[in-house]
Amino acid sequence: MFGLRRINRDSIQEKLKSIVGNLGVFCKWSLIAILVGVAAGAFSTAFGHCINFVTTFRTNHLWAIFFLPFAGMLIIYLYKVCDYEKNKGTDQVFLTVHAEKKDIPFRMAPLIFISTVLTHLCGGSAGREGAALQMGGSIGSTIGRILHLDEKDRIVLVMCGMSAAFSALFGTPMAAAIFSMEVVTVGIMHYSALVPCVVSSLVAHAIAISFGAAAELFPIGEIPAFTLQSAAILTLLSAMCAIVSILFC
């Protein structure tokens, strides 16, 4: 009888230790995710405001497009000065998550910031999606180095940074969190990064809203009723989009 009580007591102690340990891990990653969300969110919010400003300026001053070649030469010069001519862009972020590359240098973030703003200012063709992933990944990787985290933890921070930057720019915190977890490896979800990515994404979204970075809204006036016909059409459309994506990749 005494032996059973001792076994039960030891079992309870082990469970308590496990619970305390899990709470410690949760608090640790929550704090780190908040830090990444603040840093990447503030950086991306500033980036969004700059993009909106230069786009408005170019729209009102069409002559700015004639400076596009000079902007291109300036961008090349900046990459050369920063010794970043072999930049693989968004692919480098994916390679880091796949552990094929250890770190993403911090200089990627300001270089992408400046080059994208210059491109938009002069009427060049450049999107914000790739820029968001590269800036967020760079900031997340840098924070991981500063905190002396191991390689696996830095990979999670890279995804947190991607989520935060995407959320701040596009105003879709939950979609940004899931997107960064699955875009790096199609068909595989990095569930270990779920909570940190969601926290970083929500924090970045709150920062963007606080500083007036309004997301684009596309209201849907009327949603068709769900029928067998509409379901069949949507299924066909989804299959065709998948095929086009596969061929493009």
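See the structure shown above.
The notes below deal with the structure included here. Predicted, not measured: the structure shown is a model, and the values here were computed from it.

What counts as what
- Within every chain, residues take consecutive numbers counted from 1 along the sequence as written.
- Residue-level local features of this predicted model are given only where pLDDT is at least 70; pairs of side-chain atoms are given and counted only at 80 or more, and the full residue set underlies all totals for whole chains, interfaces and linings.
- No hydrogens and no water enter the side-chain calculation; it runs on all heavy atoms of the structure.
- Numbered from the N terminus, helices here are DSSP runs of H or I no shorter than four residues, and strands are runs of E no shorter than two.
- For each residue, the accessible area found with a 1.4 Å probe, counting protein chains only, is set against the maximum for its type, and the residue is called buried under 20%, exposed over 50%, and partly exposed in between.
- The contact definition used throughout considers only heavy atoms, calling two residues in contact when any of these lie within 4.5 Å.
- Accessible areas in this description were obtained via Shrake-Rupley with a 1.4 Å probe; residue shielding takes into account the shown protein chains only.
- Nonpolar core, defined: a set of buried Ala, Val, Leu, Ile, Met, Phe, Trp, Tyr and Cys residues in which side-chain atoms within 4.5 Å join the residues together.
- A helix's residues, less one, multiplied by 1.5 Å, set its expected span.
- Classification of ring pairs uses Phe, Tyr and Trp, with its six-membered ring standing for Trp, and accepts pairs whose centres are within 6.5 Å; under 30 degrees between planes counts as stacked, over 60 as edge-to-face, and the remaining range as tilted.
- The salt bridge criterion pairs a side-chain nitrogen of Lys or Arg with a carboxyl oxygen of Asp or Glu, the two atoms within 4 Å.

**What about the overall build of the protein?**
Working step 1: Within the protein one finds nine helices and zero strands.
Working step 2: Along the protein, helices (α) and strands (β) appear in the sequence α-α-α-α-α-α-α-α-α when read from the amino end.
Working step 3: Across the 249 residues of the protein, 39% fall into the buried class.
Working step 4: Sequence separation of at least 24 residues holds for 74% of the intrachain contacts in the protein that already meet a minimum separation of 6.
Working step 5: Summed over all atoms, the accessible surface of the protein reaches about 15300 Å², with 70% contributed by carbon and sulfur.

**Focus: the nonpolar core**
Among soluble globular proteins, nonpolar side chains are generally buried collectively.
Working step 1: Counting 26 residues, the largest nonpolar core has F47, Y79, I112, V117 and F166 as its most contacted members.
Working step 2: When contributions to this core are tallied by element, the ones reaching two or more residues are helix 1 (2-60), helix 2 (68-81), helix 4 (108-121), helix 5 (129-146) and helix 6 (151-170).
Working step 3: Setting aside anything within four residues of it in sequence, one finds F166 in contact with E129, A132, L133, G171, T172, A176 and F179.
Working step 4: Membership of the second largest hydrophobic core comes to 23 residues, among which are A109, L149, I155 and A164.

**Regarding helix 5**
Working step 1: For helix 5, which comprises 18 residues, the first-to-last C-alpha distance of 26 Å matches the rise-based estimate of 26 Å (1.5 Å per residue) to within 8%.
Working step 2: Of all 18 residues that make up helix 5, 14 are buried, and the element is covered over most of its length.
Working step 3: H148 sits one or two residues past helix 5 and shows a positive phi near 55°.

**Some remarks on the packing of aromatic side chains**
Working step 1: Tallied over the entire structure, the rule returns seven aromatic pairs.
Working step 2: Seen from their ring centres, F43 and F113 are 5.3 Å apart, and the 75° between their planes marks the pair as edge-to-face. Residue F43 is found in helix 1, and its partner F113 is found in helix 4; the two are separated by 70 residues along the sequence.
Working step 3: F113 gets classed as buried once you look at its relative accessible area, which sits at 15%.
Working step 4: Among the aromatic side chains, those forming a connected cluster through ring pairs are F57, W63, F67 and F70.

**Overview of the pattern of salt bridges**
Working step 1: Counted by the stated rule, this structure contains one salt bridge.
Working step 2: Here D153 and K28 are joined by a salt bridge, their closest N and O atoms 3.8 Å apart. Here D153 is found in helix 6, whereas its partner K28 is found in helix 1, with 125 residues between them in sequence.

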